[in-house]
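So you can see what is in the structure, the chains are spelled out below.
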Amino acid sequence: MFSDALPTAEAYAGLLATDGIVRGLIGPREVPRLWDRHLLNCAVVTDAVPEGSSVCDIGSGAGLPGLVMAIRRADLTVTLVEPLLRRTTFLDEAVEALGLANVRVVRGRADELHGKETFDVVTSRAVAPLDRLSRWSLPLVRAGGEFLAMKGSSAEDELAAAAKVIAQERGQVQGVVELGAELLAPPVRVVRILKM
């Protein structure tokens, strides 16, 4: 999955298992499943991202999925957006420790970037229901770009509830795709929304 970037992914897993727990970014029970539930789970999302894309990860937290995407794909330019100082401090330190030249950390809320920046792809994981998430994310997607929201079994229900907001934000639902079925059980479910 990570090929040449495996040592960097392992170093990041080490940071999550130590500093990530101490700083309250992940729970201690997550350590045994760091790879399947977090790193591989996030890495497969890059399968849906075109080469050379600019990516914005909304509510990045401990760097999931954005930091993992940047580790797996050096061709991506990744912006991690996170409002909490203790999380952005961890992210800044992780980016430096891992030597990731393709990552930028921004402390703030997604809506603070509206009208200032756009990206080829905006993504998020476990941040908010899809209606709110669409309101925050779609204004950051350039026309022709995509919003990729990692969602679980509730994806279709959330899509139905968010239909009006998605349309208002000039989004067009492309569907729910499953990624990583050959590696993960269950596979990752991603809602794909095209920005018109």
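One can find the structure itself at the top, above this paragraph.
I will try to describe carefully the structure that is included in this document.

The rules behind the values
- Residues numbered from 1 in each chain as written.
- Predicted model: local features only at pLDDT ≥ 70, side-chain atom pairs only at ≥ 80, totals over all residues.
- Heavy atoms only, no water.
- Helix = DSSP H or I, 4+ residues; strand = E, 2+ residues; numbered from the N terminus.
- Pairing = 2+ DSSP bridges.
- Axes fitted to C-alpha atoms, helices over the stretch in contact; angles between N-to-C directions.
- Contact = heavy atoms within 4.5 Å.
- Expected span 1.5 Å × (residues − 1).
- Buried < 20%, exposed > 50% of the residue type's maximum accessible area, 1.4 Å probe, protein only.
- Arc of directions from axis to C-beta.
- Core = buried A, V, L, I, M, F, W, Y, C linked by side-chain atoms within 4.5 Å.
- Left-handed = near helix turned anticlockwise from the far one by under 90°.
- Nonpolar A, V, L, I, M, F, W, Y, C, P; charged D, E, K, R; others polar.

1. A few points about unusual backbone geometry
Alright, step 1. With omega at 10 degrees, the peptide bond leading from L64 into P65 counts as cis.
Alright, step 2. By secondary structure assignment, the location of P65 is in the loop between β1 (54-58) and α3 (66-72).
Alright, step 3. Cis geometry is adopted by the peptide bond preceding P186, which originates at A185 and carries an omega value of 0 degrees.
Alright, step 4. For P186, the location among the structural elements is in the loop between β6 (171-179) and β7 (188-195).
Alright, step 5. The phi angle at S3 is positive, at roughly 40 degrees, despite the residue not being glycine.
Alright, step 6. Secondary-structure assignment places S3 in the segment before α1 (6-22).
Alright, step 7. Residue R170 is not a glycine yet carries a positive backbone phi of 60 degrees.
Alright, step 8. Turning to its location among the elements, R170 is positioned in the loop between α6 (155-168) and β6.

2. Considerations on the sheet that holds strand β3 (residues 103-107)
Alright, step 1. Taken in spatial order, the seven strands make up an open sheet running β3-β2-β1-β4-β5-β7-β6, and their pairing is mixed. Whereas interior strands pair on both sides, the edge strands pair on one side only; in this sheet they are β3 and β6. Going from strand to strand, the sheet's axes swing by 20 degrees on average, the running direction of each strand aside.
Alright, step 2. Relative to β7, β6 runs antiparallel, the two sharing eight bridges. Residue pairing in the sheet places V176 in a bridge with V191 of β7.
Alright, step 3. Each of β2 (77-82) and β3 is contacted by helix α4 (residues 85-98), which is oriented at about 165 degrees to β3, the strand it contacts most.
Alright, step 4. Contacts from helix α5 (residues 130-137) reach β1, β4 (119-125), β5 (141-151) and β7, with the element oriented near 150 degrees to β5.

3. Section: α4
Alright, step 1. Across its 14 residues, α4 extends 20 Å between first and last C-alpha, which sits within 8% of the 20 Å expected from 1.5 Å per residue.
Alright, step 2. Considered for burial, the residues of α4 that qualify are T88, F90, L91, A94, V95 and L98. Axial view of α4: buried residues confined to an arc of 155 degrees, hence all on one face. Every exposed residue of α4 that faces more than 90 degrees away from the buried side is listed here: E96 and A97.
Alright, step 3. G99 sits one or two residues past α4 and shows a positive phi near 65 degrees.

4. Regarding the nonpolar core
Alright, step 1. Membership of the largest hydrophobic core comes to 44 residues, with the highest contact counts inside it found for F2, Y12, L39 and L67.
Alright, step 2. Those elements that place two or more of their residues in this core are α1, α2 (34-43), α3, β2, α4, β3, β5 and β7.
Alright, step 3. Once residues within four sequence positions are removed from consideration, L39 is found in contact with F2, A9, Y12, A13, L16, L34 and V68.

5. What about the packing of α1 against α4?
Alright, step 1. It is the contact of α1 with α4, at a shortest axis distance of 10 Å, that shows an interaxial angle of 145 degrees. Where α1 crosses over α4, the two elements pack in a sense that is right-handed. Of α4, the residues touching α1 (which contributes T8, A11, Y12, L15, L16, D19 and G20) are F90, A94, A97 and L98.
Alright, step 2. Partitioned by chemical class, the residues of the contact of α1 with α4 number eight nonpolar, two polar and one charged.

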